[in-house]
Structure formats: C-alpha cells, structure tokens
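Single-letter residue listing:
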Amino acid sequence: MKPGLALLPLLLWADSASAHGFGGAGFLHPLTGPDHMLAMIAVGAWSAQLGGPALWAVPTAFVLAMSLGGAVGMSGLAVPLAEPVILASAILLGAAIAIDRRFALPLAAAATALFGFAHGFAHGAELPAQSDIAIYAAGVLVTTAGLHVLGLAAGLLILADPSGRSRLRLSGLGVIALGFGLLVSLG
Amino acid sequence: MSARTTTILTILTIAFTGFAAALILVGTPAAILLLALTTLALAGWLWTGDTKAPTGLMAPYLTVPPLFLAMGSAQFAGGWVTHLQADYAAWFDPDFAFTGANWFVLLVCIPASLVLFGGYLLARNQPAGFFMAWWTALFAVASGVIQIAGAGLWQAQPLALLASGFGLALIFAGLAIVQRLLRPRAASVPVPAPFSTQRRLLWAVLFAAAMVVYGATLFTQAGPLPVIIVVGSMVGGMLGWLLTTSRRPVDPTWAVPLLLLLLTLFYLHVGEETLTDFNGMIATITGKPWADDDFLLLIGLLGPIVWVFAAWSLWHRQALGNFIFWFLIVGMILGEPTHLLIFPIRLMAINGGGYEYASGMYSALFPMIPAIVALLRILSDHRAARLA
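Conventions and cut-offs
- Residues numbered from 1 in each chain as written.
- Chains lettered and ligands numbered in written order.
- Predicted model: local features only at pLDDT ≥ 70, side-chain atom pairs only at ≥ 80, totals over all residues.
- Heavy atoms only, no water.
- Helix = DSSP H or I, 4+ residues; strand = E, 2+ residues; numbered from the N terminus.
- Rg over C-alpha atoms; globule rule 2.2 N^0.38 Å.
- Buried < 20%, exposed > 50% of the residue type's maximum accessible area, 1.4 Å probe, protein only.
- Contact = heavy atoms within 4.5 Å.
- Areas by Shrake-Rupley, 256 points an atom, 1.4 Å probe, with all protein chains shown as cover.
- Lys, Arg positive; Asp, Glu negative; His and termini not counted.
- Charge placed at Lys NZ, Arg CZ, Asp CG, Glu CD.
- Core = buried A, V, L, I, M, F, W, Y, C linked by side-chain atoms within 4.5 Å.
- Domains from an automatic or database assignment.
- Phe/Tyr/Trp six-rings, centres within 6.5 Å; stacked < 30°, edge-to-face > 60°.
- Axes fitted to C-alpha atoms, helices over the stretch in contact; angles between N-to-C directions.
- Parallel < 35°, antiparallel > 145°, perpendicular 65-115°, else oblique.
- Left-handed = near helix turned anticlockwise from the far one by under 90°.
- Nonpolar A, V, L, I, M, F, W, Y, C, P; charged D, E, K, R; others polar.
- Buried area = accessible area lost by both parts, 1.4 Å probe.
- Salt bridge = Lys/Arg side-chain N within 4 Å of Asp/Glu carboxyl O.
- Polar contact = N/O pair within 3.5 Å; in protein donor to acceptor, adjacent residues only side chain to side chain.
- 1 Å grid on protein atoms, 1.4 Å probe; cavity = no way out; pocket = protein on both sides within 12 Å on 5 of 7 lines; lining within 4 Å.
- Points joined across faces, edges and corners; volume = space filled by probe spheres on them.
- Expected span 1.5 Å × (residues − 1).
- Patch = residues over 30% accessible without salt bridge, like charges linked within 9 Å, V, L, I, M, F, W, Y side chains within 5 Å.

Of the regular secondary structure elements, chain B holds 15 helices and zero strands. Here chain B has a C-alpha radius of gyration of 21 Å; the compact-globule value for 388 residues is 21 Å, and the two agree. For chain B, the C-alpha atoms occupy an extent of roughly 55 × 50 × 45 Å along the three principal directions. Residues classed as buried in chain B amount to 56% of the 388 residues present. Contacts in chain B between residues far apart in sequence, at least 24 positions, make up 80% of those at least 6 positions apart. For chain B, the computed accessible surface area is about 16300 Å², with 70% contributed by carbon and sulfur atoms. Positive and negative side-chain charges of chain B, numbering 16 and 14 respectively, have mean locations separated by a distance of 25 Å.

This is the structure in structure tokens:
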C-alpha cells in the first residue's frame, strides 16, 4: 500500500500553495499551509521510526508546545524567526527520518516542541478576525493530531514491511525535497 | 453480425457524435484532436486485435485516471482556466465560457469517465475494452504533451511544474499501455497472506485519522450536512471492511470492473452536480456559503484522485483499495438517495412550493446499481469463506 501513502502529499495543494493564505476556521488551517501539513505528517512518521515511548511522547510534545505557541500568537507578542523555523522544521524532520538515528527521547521531544511552538505561533497570529477562539483552537488541535496519527500509522505500516526501514528513509528524502521546494516557492 | 463489427460500428457512431459535440461545445482544435485520437486508436486496435492477456494491461491502465485527475487538480489550483482564456482563447469556440465548471465537465469529467468506462470494458475482456486501451494510451500521451507544451506562458510556476510532472507521468503511463498492447503478457497479482490483527488495526487507525482530516476540511467548507453523509459513509465503510475484506482482500477480477463502473457513473453524477450548482444548493440548506472553486477542487478533483486510485489499489489487493471500495459502496447506497429524499424535502421546507429538482438528482441513483451488486457479492464470498 505504500504507493497509496505517497498520495498524501497531494493534499498539500488543497489551497493555492500559499503558506498561510487561509481565512476560515481552525480546522483547515494546518491543512492549507503545505509547510504545516508536511511537518505534522513528518512528526508522526518520525515518531514511528523512533518507536517505544516516542510513539506518543513526540507528537504530544508537538501538540502541547503548539498550544502554547498559539496562545502567544493570539496575544500579539512578536516571536522572531517563527516562519523560518516552520520552513526549516519540515526539512529537519525529513533529515531526521532520512538518517534514521536513535535520537534520545528528550532531544527528539524538545526539537518537536520547538517546531510545534513555531507552528502554533503562526496559527495563533493568523487567527481570523471575528473567529471564535475556542472553536478555532480546537480545530487546529484536532486537525494537527489527525495528521500526526496519520503519519504515525503510515510510518508503522511502512516499517512492518521487510524493506520498510529503507522506504521510510527514502520518504524522509522526499520530505526534504518538498521542504526545499516550499522554501524556494515561498522564498 | 460479429462482435468486432458491432464494436466498430459503435465506435464510429460515438466518434462522430463526439466530434460534432466537441466542435460545437469546445472548438475546432479539440474536435480535430478527438477525431485524430479516435482514428489512431481504431487503427491500433484493428492492427493488434484483442490481445489475449488483458490482465497485463490493467495495472498501467489504472494509473491513468488518478494521474489525469492529479494533473487537473494542479492545473485548476494554479489558475489553468484563466491561463487558457488569456493565452489560448483562439483554440476554443468563441462562445466557449471559460468557467471552472465548463472546463471541468467538458475537459476533465467526460474524458475521465470515458477512461473509467473503458477500464470496465477492458477488465471484462470486451473487444471495445481493447480499443479503449489504445484510446486511453493516446489520450494520456496527448494530455501530458498539451500540459507540458501549454504551461510555457503559465504564471503559477510551482503548480505548473507539478502539473507538468503529472503530465510526464501520464506520457509514461500511455507508453507503457502501448508497450503492453504490442507485446501482450498475462500478469497475475500475487495473493497476499491474510493481514495480521496488528496490521488491520494500524490500517483502521490510519483510515480513522484520514476521516477526521477529510471530515474537518469538508466541515469547514460545507457545514455539517455533507460531513454527516460523507464521513458517515466512511465510518460505515470501515465497519464493513473490518468485518469482511480487511483480513482477506476481494478478488480483483470481479471487483475492479464493478468499481470502475461505479466510478464512471459516480463521476458523471459529480459532473451533473457541478453544472447544477450543488454547492449553492448545500449553502441554501445549511446557510453556510460554499465557494465554487472550493467545491470543484475538493469534490470534483482532489477527492476523486483517491477514489479512482482505489481501482489500482484494489487490483493489487491492497487494504486501501478494499477500504475505499467499501466506503464507495456504502456511500452510493446510503448517501446518494439524499438527492431524491433529503435535499428536495429540505428545499421545500426552506423555499416553500412542491417537490422540485435538487442538484445531482437525475444521476444520483445509477451508481447504486454496481454498489448493490458488489455488496451482495462481498457478503456472499465472505459467507462462503467462513463456511469453507
């Protein structure tokens, strides 16, 4: 089924490929920013690759830090370099998947938390005017968690195959390529 | 009269009718291209005849519909229709309206439906199926070349590049079909070992996550009513899949033709919805605006990429294809009657007046026919496997 998993990036073009050009409710925000979506699926896939407690700890760190980042973004505080961190997150997560090293859990969780904070900041800062904050925040969290689980399950399914480890590393290279593509197109 | 003569007469009749329709609705170049493709395909089919090994053709054939829709999605999202109007208006009839709906119905929905129906005929080993294999191969190559050649002046560069990538893949797919037509060989898909419980669970988790994400997108764009219908069908499909084909995939030799017929009828139904402002009707019912472009991209293009990819996946006995097969069966049986029951009645309640046309009504029930046949076959096979 791996070719089916390869279709997932198509959803990146659910909007006109602008990074944060969405003005609707929170549910759609992580989906219409290709950089967000790529990173969130990659977090799930990386967690699958790390295995053990990382399966839940890494995505949880991302979601918790994203909530905090969202609150900071909504408060109007400025956070320098948030956008470059978001763009770098997809490339670095792809690189982590591609090199397939056993990172210590605290390091992996801290890195994803940093990325999560930056993504959350962007979601919070781009809260559409007259939006219900609670619904918007719930939407962002539900969609983000959905994408993490999707990446996690896809990663575990890929790893269940005898050649799965190499295939997952290859998909990490794909994430890097897409990340660079976004960097250039948004650049 | 032989089947071959009947097939030739049918092809010629449809070809000339299609030529006239394309001449009137799209323009002279499109009509000439259609006639040229059909003539070449007919010549190819008469030259090679009906190959004795249609199974070897199915895998490359089934890559064409998802690639074509993926290319169409990238084109549409990148403003292809505006690009055509700005730079290629002379290629179209002066009365051709450059709207997303018009482009989608005439240049995406109808050709894609033809390709899907051709796949049905091919999978059933019909003579017209081998003609359609030639036609689809040439159509794939022509579509890819048009995209790559026509993207030169297109300004939305990243999406133009993406669409051209799909165009290139279409050219390869078309050439692969031609190669198989010239050197036929049988190809059997290996029967996989029954899926373990852990793997089935992982697939179920993946499908559930995809449902949440897709449902969230649909909810944001269209409100709760379409979500109840679509995600409800997905949940029903997942239960059906878990209880039957999740352990042992269906036999693709009977399932793929039925799925392709279902997809043909369903995609024509999406065409009717597009022409008759389905999103406007839903907006009237839910009170939530649903933009034309959002509807076309999600319901007409992106969603169907996954639905038509399911045919390829089902052919390879994969879990994804088997799940989507179930989802489409449930969706057609439970979801489509809403066009005749729920929507008109809701419109009566909102607008007053009597029972009137609701968008998509005329073509809604037809996909139910292959869906019901497939449901009965799956249940019967499952019962037989349990007793064995």
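Having seen it, we continue.
Bringing the nonpolar core into the picture now. Grouped together as the largest cluster of nonpolar side chains are 129 residues, with contacts concentrated most on Phe104(B) and Phe325(B). With 16 residues, helix α12 (residues 292-315) of chain B is the largest single contributor of residues to this core. Residue-level mapping places this core at the junction of two domains, with at least three residues from each of domain 1 (3-182) and domain 2 (197-387) of chain B. Excluding anything up to four places from it in sequence, Phe325(B) contacts Val250(B), Trp254(B), Ala255(B), Leu259(B), Leu314(B), Ala374(B) and Ile378(B). Within the second largest apolar cluster, 29 residues are counted, among which are Ala96(A), Tyr136(A), Leu147(A) and Leu168(A).

With that settled, the discussion passes to the packing of aromatic side chains. A full pass over the atoms with the stated rule returns 23 aromatic pairs over all chains. Considering the side-chain rings of Trp46(A) and Phe103(A), the 5.6 Å spacing of their centres and the 75° angle between planes classify their relative orientation as edge-to-face. Of this pair, Trp46(A) sits in helix α3 (residues 34-50) while Phe103(A) sits in the loop between α5 (82-99) and α6 (105-125), placing them 57 residues apart in sequence. According to the relative accessible area criterion, Phe103(A) is partly exposed, its value standing at 30%. Consider the rings of Phe76(B) and Trp103(B), whose centres lie 5.7 Å apart with planes at 10°: the pair is stacked. Of the two residues, Phe76(B) is situated in helix α3 (residues 55-77) and Trp103(B) in helix α5 (residues 100-123); the sequence distance between them amounts to 27 residues.

Right, let's talk about the packing of helix α13 (residues 319-335) of chain B against helix α15 (residues 368-387) of chain B for a bit. Residue and element names in this part refer to chain B. Close contact between α13 and α15 brings their axes to 9 Å; oriented N to C, the two are set at 125°. Judged on the interaxial angle alone, α15 and α13 are oblique. For the crossing formed where α13 meets α15, the hand is left-handed. In contact with Phe-325, Trp-326, Ile-329, Met-332 and Ile-333 of α13, α15 contributes Met-368, Ala-371, Ile-372, Ala-374, Leu-375 and Ile-378. For the contact of α13 with α15, the per-class residue count stands at 11 nonpolar, no polar and no charged.

Residue and element names in this part refer to chain B. When cut into domains, chain B gives domain 1 (3-182) and domain 2 (197-387). Each of domain 1 and domain 2 has a C-alpha centre, and these two points are 25 Å apart. Contacts between the two partners involve 28 residues from domain 1 and, on the opposite side, 26 residues from domain 2. Interface area for domain 1 against domain 2, summed over the two sides, is near 2300 Å², with a carbon-plus-sulfur share of 86%. Its largest share of buried area at the contact with domain 2, domain 1 owes to Leu-62, Phe-104 and Leu-116, together 25% of the area lost on that side. Applying the counting criterion to the domain 1 and domain 2 interface returns zero salt bridges. Between the two partners, domain 1 and domain 2, sit one residue pair in polar contact (both at pLDDT 80 or more). The set of elements that each furnish at least two residues to the side of domain 1 that touches domain 2 consists of α3 and α5.

Where empty space is left can be seen by rolling a probe of water-molecule size over the atoms. All names here are of chain B. Roughly 1400 Å³ of internal volume is contained in the largest pocket. Forming the boundary of the largest pocket are 47 residues, of which Ala-30, Leu-34, Leu-107, Pro-111 and Phe-139 lie nearest the centre. Contributions of two or more residues to the lining of the largest pocket are made by α1 (3-25), α2 (28-48), α3, α4 (80-87), α5 and α6 (127-150). Looking at the lining of the largest pocket, its residues break down into 37 nonpolar, 10 polar and no charged.

Glancing now at empty space enclosed by the protein. Residues and elements named next belong to chain B. Enumeration over the complete set of coordinates arrives at four cavities of 30 Å³ or more. Taken as a whole, the second largest cavity holds about 380 Å³ of empty space. Mapped onto the lining of the second largest cavity, the elements with two or more residues apiece are α8 (197-222), α9 (224-243), α10 (252-275), α11 (278-286), α12 and α13. Top element by residues in the lining of the second largest cavity is α13. It accounts for five residues. When its residues are assigned to classes, the lining of the second largest cavity shows 17 nonpolar, seven polar and two charged.

The end-to-end C-alpha distance of α6(A), which contains 21 residues, comes to 30 Å, matching closely the 30 Å that a straight helix rising 1.5 Å per residue would cover. All of the buried residues in α6(A) are Ala108(A), Ala109(A), Thr112(A), Phe115(A), Gly116(A), Ala118(A), His119(A), Gly120(A), Phe121(A), Ala122(A), His123(A) and Gly124(A).

Another point: a negative patch on the surface. There is a patch of like negative charges on the surface, built from Asp277(B), Asp292(B), Asp293(B) and Asp294(B). Along the chain, the position of Asp293(B) falls in helix α12.

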